Structures are given as C-alpha cells and as structure tokens.
Amino acid sequence: MEMKGSSSDLVETSGDVSNSKKGGLKTMPFIIANEALERAAGVGLSANMILYLTKEYHWENATGASILFWWGSIANFMPIFGALLADSYLGRYFVIALGTFVSLMGMVVLWLTAILKEAKPHSCNLEAGNCSKPDFGQVALLFASFALMSIGAGCIKPCALAFGADQFNKPENPDNGKILQSFFNWYYASVCISTLISMTVIVYIQAQFGWIVGFGVSACLMLLAAATFLLGAKLFIRIKANKSLVTSFVQVVAAAWKNKHLSLPPVDSDELYHHDKGSRLTIPTNKLRFLNKACIIRNPEKDLNPDGTASDPWKLCTVQQVEGMKALLKVLPIWSSGIMVAVTLNQHAFPVLQANTMDRHLVGNFNIPPGSFSAFAIITLTICVAIYDRILVPQMSKITKNPRGLSFKQRMGIGILLSCAAQAVAALVEKERRARALSDGLAIHPFSQVNMSAFWLIPQNNLTGLAEAFNIIGQIEFYYSQFPKSMASIGVALLALGMGLGNLVGNLIVKYASTRGGKQSWVSNNLNLGHYDYYYWLLCFLSMVNFFYFILCAWAYGSTEEQQKIWDVEQVEKEGDMLIL
C-alpha cells in the first residue's frame, strides 16, 4: 500500500553521511539481518503456542485454537495500518524501527509470563481435569504480549522489502534491475532460511529446554534485530512519507458523489477528463461508469491549477485514480475466494496437538518437536516454486502458449483444489489415529502416545505447501498484473487482509465444531473422544464449495489480458515503480 513520490526532495539527508554515500550494498547486511532475526524470533513462537496455551494456561483445545486464530487475524490486519503510517506520516525507516522495538517489548512480556509463577495458573495434572483457569490479570498480560507482537509485525512486514529496495533503486544506473533482483533473491532466501530455522531449532529449544529458555532465545534474537537495524541507521536512504493510496480511493468516491448530477461527456472527449501530465491513458473505460464522474473537468479555470493539477482533489481526480479504483473493485470477488484458502493454510494448532500424541521418533533418542512438522509445508513450497519456474513452465508454455505456463486464474484454482485435498488427507489421517487410539484403550488417556508415526502428518503438510505455492503466489502475480505499478503493493495488502479474514472465519468454524447445539464437541479437549476428522471434512466441503465459487468469479471477471492492456498504454515511468514487485 506504499506510494512513493518522484521528486528528490522526498529523500531525507539527515546524518553525517552525505546522501550520495548512503544506500547500496553496504546496507544489505543490516536490512536482511533485521528481517531474518525478526522472522526467526517470531515464527517459532506461533508454531508451538497451542501447547503453551493448553498446558500452561489450561485452556481447552478449541479455546486455544480460537485465541490463535484471533492473534493471526490481528497480526494480518495490522500491516495495512503499518503501511498507512509509513506512507502518510512517519516514513518506512521510523515505522520499521518502531515495529522492531514494539515486537521486542511483546516478546519480553511473553517471556515474563513464562518466568513469573504468578503470571499463569498453578501447575496441575491435565488428565485429571482439576486445573484452575487463568484469572483476568494473567490473561491480560498474555494478550498484551500478543497485541504488542502483532503491532510490531504490522509495522515491519509492509515496509521491510520496500525499504530495502529504497537503498538500491537508482534508475540512472544501467545495472539497476540486476542489483534489485539480487537484493530480492537474498531477501527471500533469508526469509525462507530463518523461517525453517525457527520452525526447527527454536521449536526444538522450547520442547527440550522449556518455555523460559525458548522464549528467552526469541527475545534475544529480537534484541539483536533491533541492534542490527540501529547500527546501519546512518547508512540508510530514507524516503519521506508522501500520499497514501487509500486517500486516493476515498477521493475518487467523494468526487464521484459530488459530481453525481453531471452528465458523462462523449467517449472521445479526452479534453474533458482530467489525467496525469504526459499520460496516454486520457479517457476512462466504460466499466463502472458512475466513477467516471470523478474525473470530469467542469471549469478548467476553477478546477485546475496553473501546473495542470487539480485545485481540489476531493472534487476532481485523474483518470488514473479512477481506473485504479475500478481495478480494485473488479478483483474483489476473486480475492474473496482466497479467504477460505487462508482458513485451510492457517490450520496450525490442531496438527500440533495431533503430533503431540503420536510417535515422533527420528533417530536415536531424538524426537521431532510437534510444532516442527509445519516446516515440511515450507520446504515443499520452496521446492515447488523452483521446479515450477525452472522445469515445468518451459514445458507447459509450449502446450498452453502462455509464457507463464499456466494463467493466473488456473494457478489459483489448482491451489484451491490442493487445499481441499490437504483437508481430505488430514481427515483420513486423523480417522486412522483416532481408531488406533481407541483400539489401544486410550479413550480416557488423551495425552498418551498412540502407536502411530507422526510422519503420517507429512503428506497433508506437503499438500498445504503446494496449495500455497499455487494459490497465494498466483494471487500476488494476479494482483500485480491487474493494477498499475503505483498500486502493485495493494496486492500485498489484499493478501494480508484475506489472511486476517481467513482467521476470523476459521474461528467461527471452530466455534461451530466445538458447540454443535450441545452435542459432543468435534474438537474436544480429548482428541480420542472428539472427532477432529469431522472438522477436517467440514473444511474440505467448504473448500470444494469455494472452488465452484472461484470458477464463477473467474468466469465473471473475464480476460486478464484486457485489464493489462489498460495499463500497458501508460508510458510514464515513475521513480519508485521498481520498489513494488
């Protein structure tokens, strides 16, 4: 959701180092280290958190999962506000710095919940069922840590990649594209590596040495992230806050409403529509024509400044603003189909509880931590992207005549089907696990180990990774192709919003599965008496319904090439376009 200005006066020159000596490769270690350490510290906390909530706070499985859904929802909504704060007020540098320290505070507060005995209920025998629930103060302290970490992540995530690209984007350099591509490669490689380390090493430390040590390691990593970012402060190029795209969208709606009484001019009357200077997109399209009234010039002498800009942007917008608003409205139905995909991708809590009851032995005395099995989804995603890009695309493009191999909508549709398959496999595995538990006489012993390997959980994680590789990456590429370059980061904001809504929907589904009109809960605290397989079948059914809904939305949307042609006529390159990929 970032929008960067094109004038050089938007670049701060504070500090002892001249602006010409700022930025470049020397800033890469500080930026990448900050992001990698932040990811390593944060991902490991969420991967294992369901066990902390159920074992230390004595919450039921459904309650713990609901809390994690709420946490995930807030964490995915916050980047939208972080982007607005960076765009309109503070700039990316200060927002990242603020987010780093707020995240550190949140992790320290979470660490204190593990250190202080008074911060959580007294220990008890969970199987006996006589455990006390946390009081208001204990819950408030825990939730405060979640809130602080969500706010911090919301400041860092939308700004980190763009801020890093700020240091390298120099359009006058003929090698600018290669330099930016190199930075993006290193950036995403660091994110993948740090995520895998967090899901394996950090989670293992929590399982092997306890919550105090495990949470302490995360807090220390976050402290290193903050220190690393501050060390590079004088080397960074800082782009001042400019204008938010959200403001632009609101202006279009306001101007269209104020001009609702005007008649639309003839289609070929480009001189009656306000457009950016030098732009070849001078006439709005006929779709959603009521918005076209926002860019009608009523009186050139009153409506326009001497330099050609609108004297009142709340009464007169450009054709580019109007078409950008149309592009956003047009993709919303397809975007909504990604909410159910987000529900299936956010199923982290229950698989951890299942793995905790299964045989996790690997070699010797080493047992894989329950929270580490989601790492197989990340590994699958990484391998899938590499194979698809390097091997499958060249072969499929010969058949489909599409240089990308598959179209955006085809990739998203395949991703939805894969997410459906992942839930079906999860249901079958859980049915087998429950049957073995009952046959072994473990009906009233939910924490005893079932004679079944936890490696049965790997296929569903593999399918989840494939679903993410096809649908989520397909969504990002789809948004990028359907928006002008100045709006490309809207795709990231839409994706985050979809993930947040997916957590809310997931929470509602858990509520339904846990109540069911007073009947036995599917997601009972006792996995062996509940029916988690029914819960997965419900997700599978909803995902299949969502697939047909996506087919309908994709058909109604029409050709993606038509929307791309609208922006292809634009020949004006704005400084900062390469920031948003």
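Rules used in this analysis
Residues numbered from 1 in each chain as written. Predicted model: local features only at pLDDT ≥ 70, side-chain atom pairs only at ≥ 80, totals over all residues. Heavy atoms only, no water. Helix = DSSP H or I, 4+ residues; strand = E, 2+ residues; numbered from the N terminus. Buried < 20%, exposed > 50% of the residue type's maximum accessible area, 1.4 Å probe, protein only. Contact = heavy atoms within 4.5 Å. Areas by Shrake-Rupley, 256 points an atom, 1.4 Å probe, with all protein chains shown as cover. Axes fitted to C-alpha atoms, helices over the stretch in contact; angles between N-to-C directions. Parallel < 35°, antiparallel > 145°, perpendicular 65-115°, else oblique. Left-handed = near helix turned anticlockwise from the far one by under 90°. Salt bridge = Lys/Arg side-chain N within 4 Å of Asp/Glu carboxyl O. pLDDT = per-residue confidence, 0-100. Phe/Tyr/Trp six-rings, centres within 6.5 Å; stacked < 30°, edge-to-face > 60°. Lys NZ or Arg CZ within 6 Å of the ring centre and 35° of its normal. Disulfide = S-S within 2.5 Å. Core = buried A, V, L, I, M, F, W, Y, C linked by side-chain atoms within 4.5 Å. Domains from an automatic or database assignment. Patch = residues over 30% accessible without salt bridge, like charges linked within 9 Å, V, L, I, M, F, W, Y side chains within 5 Å. Expected span 1.5 Å × (residues − 1). Bend = angle between axes of the 7 residues up to and from the residue. Lys, Arg positive; Asp, Glu negative; His and termini not counted.

Draft legend 1. How the structure looks around the overall build of the chain. Assigned secondary structure in the chain consists of 17 helices and 2 strands. Looking at the chain residue by residue over its 581 residues, the buried ones come to 54%. A separation of at least 24 residues holds for 80% of the contacts in the chain among residues at least 6 apart in sequence. If you sum the accessible surface of the chain, you get close to 25800 Å²; carbon and sulfur atoms cover 65% of it.

Draft legend 2. Just the packing of helix 3 (residues 92–115) against helix 6 (residues 211–231), in detail. Across the interface, helix 3 lies against helix 6 with an axial gap of 9 Å and an inter-helix angle of 160°. Put simply, helix 3 runs roughly antiparallel to helix 6. Helix 3 and helix 6 meet at a crossing whose hand is left-handed. Along its contact with helix 3, which presents Y93, I96, A97, T100, F101, S103, L104, M107, L110, W111, A114 and I115, the element helix 6 presents W211, I212, F215, G216, S218, A219, M222, L223, A225, A226, F229 and L230.

Draft legend 3. Inspection of the pattern of salt bridges at higher detail. The tally for this structure, following the rule as stated, stands at 5 salt bridges. The shortest N-O distance in the salt bridge between R39 and E35 comes to 3.0 Å. Taken together, the residues R39 and E35, both in helix 1 (residues 28–56) and 4 residues apart, mark about one turn of the helix. The class of E35 is buried, set by a relative accessible area of 0%. One salt bridge connects R436 with E432, and the closest N-O pair in it is separated by 2.8 Å. Here the residue R436 and the residue E432 both occupy positions in helix 13 (residues 408–439), the gap between them amounting to 4 residues, near one helical turn.

Draft legend 4. The arrangement of the confidence of the model for the chain in detail. Model confidence for the chain is summarised by a mean pLDDT of 82, while 85% of its residues fall at 70 or above. Between residues 1–18, whose pLDDT stays under 50, and residues either more than four places distant or in other chains, the model counts 56 contacts. For the stretch residues 571–581, pLDDT sits under 50, and the model shows 32 contacts to residues farther than four places along the chain or on other chains.

Draft legend 5. Just the packing of aromatic side chains, in detail. For the coordinates displayed, the defined rule picks out 26 aromatic pairs. Above the plane of the ring of Y93 lies R238, whose end atom (NZ or CZ) is 4.0 Å from the centre. Directly above the aromatic system of Y557 lies the positively charged group of K330, at a separation of 4.5 Å from the ring centroid.

Draft legend 6. Up close: the state of the cysteines. Tallied over the entire structure, the rule returns 1 disulfide. Covalent S-S linkage joins C124 and C131, the inter-sulfur distance amounting to 1.8 Å. With the S-S dihedral at roughly 105°, the linkage between C124 and C131 falls on the right-handed side. Taking the relative accessible area as the measure of exposure, C124 reaches 29% and is therefore partly exposed. Given a relative accessible area of 19%, C131 falls into the buried group. Of the cysteine sulfurs around C295, a residue in no disulfide, the closest is that of C317, at 7.9 Å. Here C295 falls in the buried class, since its relative accessible area comes to 0%.

Draft legend 7. Structural view of the nonpolar core. Of all hydrophobic cores here, the largest spans 73 residues; its most connected members are M49, Y52, L110, F146, F350 and Y535. Each of two domains, domain 1 (21–240) and domain 3 (327–580), supplies a minimum of three residues to this core. With near-sequence residues (within four places) excluded, Y535 lies in contact with F69, Q347, F350, I509, V510, A513, W522 and V523. Judged by nonpolar contacts, the second largest core, of 41 residues, contains A256, V322, I339 and L495.

Draft legend 8. Up close: a nonpolar patch on the surface. A cluster of nonpolar side chains, namely V108, L112, I115, L116, F209, I212 and V213, defines an oily patch on the protein surface of about 560 Å² accessible area. For the nonpolar patch, the elements supplying multiple residues, two or more each, are helix 3 and helix 6. Summarising the element assignment, L116 is placed in the loop between helix 3 and helix 4 (136–166). L116 gets classed as partly exposed once you look at its relative accessible area, which sits at 39%.

Draft legend 9. Region of interest: the environment of G214. In this fold, G214 is placed in helix 6. Taking relative accessible area as the criterion, G214 reaches 1% and is therefore assigned buried. For the pair formed by G214 and V203, sequence separation is 11 residues and the distance between their alpha carbons is 7.5 Å. Apart from the residues lying within four places of it in its own chain, the contact partners of G214 are I205 and Q206.

Draft legend 10. Just unusual backbone geometry, in detail. The backbone of H58 sits at a positive phi, close to 60°, despite the residue not being glycine. For H58, the position within the fold is in the loop between helix 1 and helix 2 (61–90).

Draft legend 11. Summary view of the packing of helix 1 against helix 4. Direction vectors running N to C along helix 1 and helix 4 enclose 150°, while the axes themselves pass 11 Å from each other. Seen from above, helix 1 lies across helix 4 with left-handed handedness. Contact residues: helix 1 offers I31, E35, E38, L45, M49, Y52 and L53, while helix 4 offers L142, F146, M149, A153, I156, A160, F163 and G164.

Draft legend 12. Broad picture of helix 14 (residues 458–482). The end-to-end C-alpha separation of helix 14 is 36 Å, in line with the 36 Å expected for 25 residues at 1.5 Å each. At E468, helix 14 shows its maximal kink, close to 25°.

Draft legend 13. The side chain of R434, seen in detail. Along the chain, R434 falls in helix 13. Although R434 is buried, it makes no salt bridge; D533 carries the closest opposite charge, 5.4 Å away. With sequence-adjacent residues up to four places away left out, R434 is seen in contact with L527, N528, L529, G530 and H531.

Draft legend 14. Just the environment of M412, in detail. By the element assignment, M412 lies in helix 13. Residue M412 is classed as buried on the basis of its relative accessible area of 2%. The spatial distance from the C-alpha of M412 to the C-alpha of G474 is 5.5 Å, given a sequence separation of 62 residues.

Draft legend 15. Fine view of the environment of M149. Counting through the fold element by element, M149 comes out in helix 4. Among the residues examined, M149 registers a relative accessible area of 7% and is labelled buried. With 44 residues separating them along the chain, M149 and M105 place their C-alpha atoms 7.7 Å apart. Those residues in contact with M149 that sit more than four places away from it in its chain are L45, W71, S103, G106, M107 and L110.

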